[in-house]
Amino acid sequence: MEKISVLFVCLGNICRSPMAEFVMKKIVSDRNMSERFFIASAATSREEEGNQMHYGTRRKLSEKGVPFEQHFATVIKRSDYEKYDYIIGMDSSNIRNMLSFFGGDREGKIKLLLSFTDDERSVADPWYTGDFEKTYDDIILGCTALADRFEKKHGIK
Ligand code: 4NP
């Protein structure tokens, strides 16, 4: 069966999008649906390319019992638009940057993470606040709603 591919995107791919990647992997694993998904993350900017996850993200994931591997920041590629079924930005500027980078969103794949919840807004950015707990809370909210959506839409269970 074809996997559902999901790409989480933020500015640097060191704080928010890798946190969403590993949280989502845990949620689908806990629901016994890992084999149905390919999940990754990427940046819109080259700012942090090749760097590992921010210490604050690694510490928060460890604290919450979310498994993760070593991760090096990568940048979105034009071919990602075809490769992924869902391309999910953490904030509204990520969405704007992607629309410009991909030249639009012909297939309606580009979404804001929290648009899957009742509270459509940007995920809190810990780069400026240092508050990784708030970011984690937003990401749990968004990824849980996304997993619920997948179960309904793709009839997984
Ligand atoms: P991220 O966090 O986009 O969540 O990975 C940031 C990383 C780098 C910068 C800003 C946010 N920066 O300005 O370099």
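As shown above, the structure is provided for reference.
Cut-offs applied
Residues numbered from 1 in each chain as written. Predicted model: local features only at pLDDT ≥ 70, side-chain atom pairs only at ≥ 80, totals over all residues. Heavy atoms only, no water. Helix = DSSP H or I, 4+ residues; strand = E, 2+ residues; numbered from the N terminus. Buried < 20%, exposed > 50% of the residue type's maximum accessible area, 1.4 Å probe, protein only. Contact = heavy atoms within 4.5 Å. Areas by Shrake-Rupley, 256 points an atom, 1.4 Å probe, with all protein chains shown as cover. Lys, Arg positive; Asp, Glu negative; His and termini not counted. Salt bridge = Lys/Arg side-chain N within 4 Å of Asp/Glu carboxyl O. Pairing = 2+ DSSP bridges. Axes fitted to C-alpha atoms, helices over the stretch in contact; angles between N-to-C directions. Right-handed = clockwise from strand over helix to strand, strands pointing away. Near = heavy atom within 4 Å. Polar contact = N/O pair within 3.5 Å; in protein donor to acceptor, adjacent residues only side chain to side chain. Nonpolar A, V, L, I, M, F, W, Y, C, P; charged D, E, K, R; others polar.

Caption draft 1: Representation of the overall build of the protein chain within the structure. A tally of helices and strands in the protein chain yields six helices and four strands. Moving toward the C terminus, one meets the helices and strands of the protein chain in the order β-α-β-α-α-β-α-β-α-α. Projected onto the principal axes, the alpha-carbon positions of the protein chain cover approximately 40 × 35 × 30 Å. Expressed as a percentage of the 157 residues in the protein chain, the buried residues total 51%. Nonlocal contacts in the protein chain, meaning residues at least 24 apart in sequence, comprise 72% of its contacts between residues at least 6 apart. Carbon and sulfur atoms provide 48% of the accessible area of the protein chain, an area that totals close to 8,000 Å².

Caption draft 2: Looking closely at the side chain of glutamate 48. Inspection of the secondary structure puts glutamate 48 in the loop between strand S2 (37-43) and helix H2 (55-63). Buried glutamate 48, no salt bridge; nearest opposite-charge side chain is arginine 16, N-O distance 10 Å.

Caption draft 3: View of the sheet that holds strand S3 (residues 86-89). Here we have four strands laid out as an open sheet, ordered S2-S1-S3-S4, and parallel in their pairing. Two strands bound the open sheet, and with one partner strand each, they are S2 and strand S4 (110-112). Along the sheet, successive strands turn relative to each other by an average axial angle of 25°, direction set aside. Relative to S4, S3 runs parallel, the two being bridged by three bridges. Along S4, the bridge assignment pairs glycine 89 with leucine 112. Most of the contacts of helix H1 (residues 16-30) go to S2, to which it runs at about 170°, and overall it touches strand S1 (4-10) and S2. In the packing of helix H4 (residues 92-102) onto the sheet, the strands contacted are S1, S3 and S4, and the crossing angle to S4 comes to about 170°.

Caption draft 4: The arrangement of the pairing of S3 in detail. Here S3 shows two buried faces, one formed by Tyr86 and Ile88 and the other by Ile87 and Gly89. For S1 and S3, the ladder comprises four bridges, and the chain directions are parallel. Bridge pairing in S3 links phenylalanine 8 to isoleucine 88. Each parallel crossover has a hand, and the one from S3 via H4 to S4 is right-handed.

Caption draft 5: Structural detail: the side chain of asparagine 94. Relative to the helices and strands, asparagine 94 is located in helix H4. Take asparagine 94: its relative accessible area is 0%, and that puts it in the buried class.

Caption draft 6: Geometry of the pattern of salt bridges. Following the criterion strictly, the structure yields 16 salt bridges and no others. The shortest N-O distance in the salt bridge between aspartate 125 and arginine 16 comes to 3.7 Å. Placement of aspartate 125 in the loop between S4 and helix H5 (126-129) and of arginine 16 in helix H1 is noted, with a sequence separation of 109 residues between them. Arginine 16 matches aspartate 125 in its accessibility class, with the two residues each being buried. Measuring nitrogen to oxygen at the nearest pair gives 2.8 Å for the salt bridge that ties arginine 31 to aspartate 148.

Caption draft 7: Structural view of the site of the ligand. The environment of the ligand is made up of Cys10, Leu11, Gly12, Asn13, Ile14, Cys15, Arg16, Glu47, Glu48 and Trp127. The separation between an oxygen atom of the ligand and a polar main-chain atom of asparagine 13 is 3.2 Å. Residue tryptophan 127 places a side-chain N or O atom 3.4 Å away from an oxygen atom belonging to the ligand. Protein burial of the ligand: of its 360 Å² of free accessible surface, 92% is covered by the chains. The residue makeup of the shell around the ligand, split by class, is five nonpolar, two polar and three charged.

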